[in-house]
Amino acid sequence: MQLRDKHLEARPLLERAALVGAVCAEAGVPFILNDRPDLALEAGAAGVHVGQDDAPVALARRILGADAIIGLSTHDPDDLARAMAMAIGSGPGGLSYISAGPVEATPTKPGRPGTGLAYLMQATAAAAAAGIPVFVTGGVTPEKIPLLARAGARHFVVVRYLTEAADPRGAARALRDALDTALGGGVEDVGGGVGEDVGGVGGQP
């Protein structure tokens, strides 16, 4: 579970992180904070997800330690090549996972065009060779999961489909059913239990 809020200042973000972290701990779900490895450390999060313009991965690793989950957004082949050089096992700046996308444009990432399925296929092949997972982003819904799975996706970032749902529990069940069908019940884990990643808790999903 990732807490992503692009607008809150540090202290209110920490207050929200404490709440989300407590819920995740009760459910046995790893809690990831977006953008800020310093606040992830203070919040006791399992890790941090950073973008291309955020704190460097190596800095996040130094702040959070060898056991933390550290993910990085990638959007094109150049991003991917740099990320693969930081994969776990390659040194102190090691990555735990990458995200690839958005496959299609989404309001969650305003101004960023969709990458299409070709980049997802490239990212999943490269990450598999490096031994790290890829989380696909951008408009993930139950209807699109089969197509994304055929392109190599095994981990899915879901924001608006859940945060804007009139029935979030029902929406989550529909997602899970679609994942089980597309992947044959083989939803994989990252960092001790992240299967399908639900990103986006707070004012800015």
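Overview of the structure. (Residues numbered from 1 in each chain as written. Predicted model: local features only at pLDDT ≥ 70, side-chain atom pairs only at ≥ 80, totals over all residues. Heavy atoms only, no water.)

Turning our attention to the overall build of the protein chain. Helix and strand counts for the protein chain stand at eight helices and seven strands. The burial tally for the protein chain puts 47% of its 205 residues in the buried class. The long-range share in the protein chain, meaning contacts at least 24 apart out of those at least 6 apart in sequence, stands at 56%. Accessible area for the protein chain stands at about 9600 Å²; split by element, carbon and sulfur atoms hold 55% of it. (Helix = DSSP H or I, 4+ residues; strand = E, 2+ residues; numbered from the N terminus. Buried < 20%, exposed > 50% of the residue type's maximum accessible area, 1.4 Å probe, protein only. Contact = heavy atoms within 4.5 Å. Areas by Shrake-Rupley, 256 points an atom, 1.4 Å probe, with all protein chains shown as cover.)

A word on the sheet that holds strand β4 (residues 69–74). Read from one edge to the other, the open sheet built from seven strands follows the order β1-β2-β3-β4-β5-β6-β7, with strand pairing classed as parallel. Each end of this open sheet is capped by a strand with a single partner; those strands are β1 (2–3) and β7 (155–156). In the sheet, strand β5 (residues 97–100) pairs with strand β6 (residues 134–136) via three bridges, with the strands oriented parallel. What sits directly across from S99, in β6, is F135. Of the strands in this sheet, β4 and β5 are in contact with helix α4 (residues 77–84), which crosses β4 at around 155 degrees. (Pairing = 2+ DSSP bridges. Axes fitted to C-alpha atoms, helices over the stretch in contact; angles between N-to-C directions.)

Residue alternation in β5 divides its side chains into two sets, Y97 and S99 and I98 and A100, and both sets are buried. The pairing of β4 with β5 spans four bridges and is classified as parallel. Looking across to β5, one finds that L72 is bridged to I98. Note on the crossover from β5 through helix α5 (residues 116–130) to β6: the handedness is right-handed. (Right-handed = clockwise from strand over helix to strand, strands pointing away.)

Another aspect to go through is the nonpolar core. F31, L33, I98, L120, V136, L148 and F156 are the most contacted members of the largest nonpolar core, which has 47 residues in total. A total of five residues in this core trace back to one element, the largest contributor, which is helix α8 (residues 168–183). Not counting chain neighbours up to four residues away, the residues in contact with I98 comprise L72, T74, L80, A83, M84, A123, A127, I132, P133, V134 and F135. Ranked by size, the runner-up nonpolar core spans six residues in total, among them Y97, F135, V157 and V159. (Core = buried A, V, L, I, M, F, W, Y, C linked by side-chain atoms within 4.5 Å.)

Here we come to unusual backbone geometry. In most cases, non-glycine residues show a negative phi, while peptide bonds are predominantly trans. Cis peptide bonds are those with omega within 30 degrees of zero, and the linkage from G101 to P102 qualifies with 5 degrees. Mapped onto the fold, P102 is located in the loop between β5 and α5.

With that settled, the discussion passes to helix α3 (residues 57–64). The set of residues buried in α3 consists of V57, A60, R61 and L64. Down the axis, α3 shows its buried residues gathered within 100 degrees of arc, on one side only. Those residues of α3 hidden inside the fold are in contact with α2 (37–43), β3 (47–50) and β4. Taken from the residues just after α3, G65 is the one with a positive phi, measuring 95 degrees. (Arc of directions from axis to C-beta.)

To continue, consider the pattern of salt bridges. Per the stated rule, a full pass over the model turns up seven salt bridges. Between R173 and D177 there is a salt bridge, with its nearest N and O atoms 3.4 Å apart. Linking R173 with D177, this pair stays in helix α8, spanning four residues, or about one helical turn. Accessibility expressed as a relative area gives 39% for D177, which makes it partly exposed. Measuring nitrogen to oxygen at the nearest pair gives 3.3 Å for the salt bridge that ties D180 to R176. Separated by four residues within a single helix, D180 and R176 lie in helix α8, roughly one turn from each other. (Salt bridge = Lys/Arg side-chain N within 4 Å of Asp/Glu carboxyl O.)

Between its first and last C-alpha atoms helix α1 (residues 10–27) spans 25 Å; for 18 residues at 1.5 Å apiece the expected length is 26 Å, and the two agree. Taken as a whole, α1 has its buried residues at L13, A17, V20, G21 and C24. Buried positions in α1, seen along its axis, are confined to an arc of 110 degrees and lie on one side of it. In α1, the exposed residues that point more than 90 degrees away from the buried face are R11, E15, L19, V23 and E26. On its buried face, α1 is in contact with β1, β2 (32–34) and α2. (Expected span 1.5 Å × (residues − 1).)

Purely geometric stuff here, so don't read any function into it on its own.
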